[in-house]
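Breakdown of the fold
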Amino acid sequence: MTKVTILPVPDEHGDVSYHALAGDKQSEGKTAGEALDFLTTQLPEDETGTLIIIQKSTSQRIPSSNAR
C-alpha cells in the first residue's frame, strides 16, 4: 500500500492549492482530489487501489477548565 500525504499550500493572495506526496512522486492541484488524481497517474498499476483516510487538522484549541 502506498502512503499518500496531501497538504494545503496557501499562496501570498490567500488562495489554497494542494500538494500530494507519495515517496519520490509529487503533484499539485486546485483541490485535494485533483492533486490525488494527478499523483495516481504517476504510480504503478499495482499501487493505484484506493483507501482514503482523512484526518482533519484544526487550529482550534479546547478551552481549559480555567477559561470556562
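A brief look at the structure comes next. (Residues numbered from 1 in each chain as written. Predicted model: local features only at pLDDT ≥ 70, side-chain atom pairs only at ≥ 80, totals over all residues. Heavy atoms only, no water.)

In the structure shown here, the tally under the stated rule is 1 salt bridge. The partner of D24 in a salt bridge is K25, with the nearest N and O atoms 3.5 Å apart. (Salt bridge = Lys/Arg side-chain N within 4 Å of Asp/Glu carboxyl O.)

The next subject is the environment of T48. Considering the arrangement of structural elements, one finds T48 in the segment after α1 (32–40). As a C-alpha pair, T48 and M1 span 47 residues in sequence and 8.7 Å in three-dimensional space. Leave out the neighbours within four places in its chain, and T48 touches T40 and L43. (Helix = DSSP H or I, 4+ residues; strand = E, 2+ residues; numbered from the N terminus. Contact = heavy atoms within 4.5 Å.)

Here we take up the sheet that holds strand β2 (residues 16–22). Reading across the sheet, the 3 strands line up as β1-β2-β3 and stay open at both edges, with antiparallel pairing between neighbours. Lying at the two open borders of the sheet, with one neighbouring strand each, are β1 (5–10) and β3 (25–29). Averaged over neighbouring strand pairs, the angle between their axes works out to 25 degrees when direction is ignored. Alignment of β1 against β2, held across 6 bridges, turns out to be antiparallel. Bridge pairing in β2 places L7 opposite H19. Across the sheet, α1 lies against β1, β2 and β3, angled at about 145 degrees from β3, the strand it touches most. (Pairing = 2+ DSSP bridges. Axes fitted to C-alpha atoms, helices over the stretch in contact; angles between N-to-C directions.)

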